[in-house]
Amino acid sequence: MTTPYEKGPLISIITVVRNGRGVIEQTIRSVLDQPYPNLEYIVIDGGSTDGTVDVIKKYADRLNYWTSEPDKGIYDAMNKALDHVHGEGHLFLNAGDYFVGDVIPAAPRIPCHLPVHRRKFLGRVSRSRPKDHRQGIPYCHQGILFESKGIRFDLRHRFAADYGYYLDHGYTRLPVADVRGYVYYDEAGVSRINSMTRDREISGIIRARFGPFWYSLFVVKCAVKDAIRAVLRR
């Protein structure tokens, strides 16, 4: 009997991690438990010293590729993973993020957004909504099913290279897949901790690609956002 999953394209899932022993197993299991049968799973560890590699080894026979070696940061690790991608589409699911329920559509439309629930500032969880691509990446990369075009991250950006990566694909607004599950995204990660540097990088990308109006608008929004955060921290 034919199932709705049998003819789907190969989808590559990429997880990068460094010293994430407490969260990596949940991420890995959430991918391996997906019913979509045509998945390729790649795990890149940045030379962890906390036992993360021992967890990865538990699932090594179910991974298409994994390695553990020092890298130059998260985007360098993602670029390493892209060298091993064979799927028609790919998605980056970082350690600490995970799939809840059935997330990969039976007939994936590539590219597309997948539903995302994110834990935001002060711990509030809400569903992500796409925003204007001229004001930063319009959707967290954990919920973007990219086309595999051979594009790489620009390592000159330490915290906002995913925005340039999105724009380099030529995307503006993508459809959101109609699925029962969702991606859980823990926003309290590296880019959140380094939010001021990230916003400076984003503003530079906006100015170069979209001009002074959109740059100025983004700078004003950041100033308001930072002021609100400062009040909430008191």
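Look a little higher up for the structure.
Heads up: these notes are all about the structure in this document. Remember, predicted model here, so these are calculated numbers, not experimental data.

Time to look at the overall build of the protein. For the protein, the count of helices and strands is 7 helices and 10 strands. In terms of overall size, the protein behaves like a compact globule, its C-alpha atoms giving a radius of gyration of 18 Å where 234 residues would be expected to give roughly 17 Å. Along the longest, intermediate and shortest principal axes, the C-alpha atoms of the protein span 55 × 40 × 35 Å. Counting over 234 residues, the protein shows a buried share of 50%. For the protein, restricting intrachain contacts to residue pairs at least 6 apart in sequence, the fraction spanning at least 24 positions comes to 76%. On the protein, roughly 11900 Å² of surface is accessible, and the fraction owed to carbon and sulfur atoms is 50%. When the 34 basic and 26 acidic side-chain charges of the protein are each reduced to a single mean position, those positions are 8 Å apart.

What follows is about the state of the cysteines. Counted under the stated rule, the structure contains 0 disulfides. Residue cysteine 112 stays outside any disulfide, its sulfur separated by 13 Å from that of cysteine 140, the closest cysteine. Of the residues examined, cysteine 112 reaches a relative accessible area of 2% and is grouped as buried.

With respect to the helices and strands, aspartate 71 occurs in the loop between β3 (65–68) and α3 (74–82). Considered as a pair, aspartate 71 and leucine 167 are 96 residues apart in the sequence and their alpha carbons are 24 Å apart. Apart from the residues lying within four places of it in its own chain, the contact partners of aspartate 71 are Gly46, Asp76, Ala77 and Lys80. Among the polar contacts made by the side chain of aspartate 71, one reaches the main-chain amide nitrogen of glycine 73 at a distance of 2.9 Å.

On to the environment of tryptophan 214, then. Relative to the elements of secondary structure, tryptophan 214 occurs in helix α7 (residues 212–233). Not counting chain neighbours up to four residues away, the residues in contact with tryptophan 214 comprise Asp132, Arg134, Gln135 and Ile206.

This next bit is on helix α4 (residues 161–168). Across the 8 residues that make up α4, a large majority, 7, are buried. Listing the buried residues of α4 in full gives Ala161, Asp162, Tyr163, Gly164, Tyr165, Tyr166 and Leu167. Against the buried residues of α4 lie α3, β4 (89–92), β6 (112–113), β9 (144–147) and α6 (195–210). After α4 finishes, the residue glycine 170 shows a positive phi value of roughly 85°.

Within a sheet, neighbouring strands are paired by backbone hydrogen bonds and run either parallel or antiparallel to one another. Strand order across the open sheet formed by 4 strands is β5-β10-β7-β8, with mixed pairing between neighbours. Lying at the two open borders of the sheet, with one neighbouring strand each, are β5 (98–100) and β8 (125–127). Pairwise comparison of adjacent strand axes, ignoring direction, gives a mean angle of 30° for this sheet. Here strand β7 (residues 116–119) runs beside β8; their pairing, made up of 3 bridges, is antiparallel.

With that out of the way, let us pick up the packing of aromatic side chains. Applying the stated rule across the entire model yields 10 aromatic pairs. Relative to tyrosine 165, the ring of phenylalanine 92 lies with its centre 5.9 Å away and its plane at 75°, an arrangement referred to as edge-to-face. Of this pair, phenylalanine 92 sits in strand β4 while tyrosine 165 sits in helix α4; the two residues are 73 residues apart in sequence, bridging distant segments of the chain. We note that phenylalanine 92, like tyrosine 165, is buried. With a centroid separation of 6.1 Å and an interplanar angle of 25°, the aromatic rings of phenylalanine 146 and tyrosine 171 are classed as stacked. Placement of phenylalanine 146 in strand β9 and of tyrosine 171 in the loop between α4 and β10 (182–186) is noted, with a sequence separation of 25 residues between them. A cation sits over an aromatic face here: arginine 207 above tyrosine 215, 4.6 Å from the ring centre.

Reading guide: rules and limits
- Residues numbered from 1 in each chain as written.
- Predicted model: local features only at pLDDT ≥ 70, side-chain atom pairs only at ≥ 80, totals over all residues.
- Heavy atoms only, no water.
- Helix = DSSP H or I, 4+ residues; strand = E, 2+ residues; numbered from the N terminus.
- Rg over C-alpha atoms; globule rule 2.2 N^0.38 Å.
- Buried < 20%, exposed > 50% of the residue type's maximum accessible area, 1.4 Å probe, protein only.
- Contact = heavy atoms within 4.5 Å.
- Areas by Shrake-Rupley, 256 points an atom, 1.4 Å probe, with all protein chains shown as cover.
- Lys, Arg positive; Asp, Glu negative; His and termini not counted.
- Charge placed at Lys NZ, Arg CZ, Asp CG, Glu CD.
- Disulfide = S-S within 2.5 Å.
- Polar contact = N/O pair within 3.5 Å; in protein donor to acceptor, adjacent residues only side chain to side chain.
- Pairing = 2+ DSSP bridges.
- Axes fitted to C-alpha atoms, helices over the stretch in contact; angles between N-to-C directions.
- Phe/Tyr/Trp six-rings, centres within 6.5 Å; stacked < 30°, edge-to-face > 60°.
- Lys NZ or Arg CZ within 6 Å of the ring centre and 35° of its normal.

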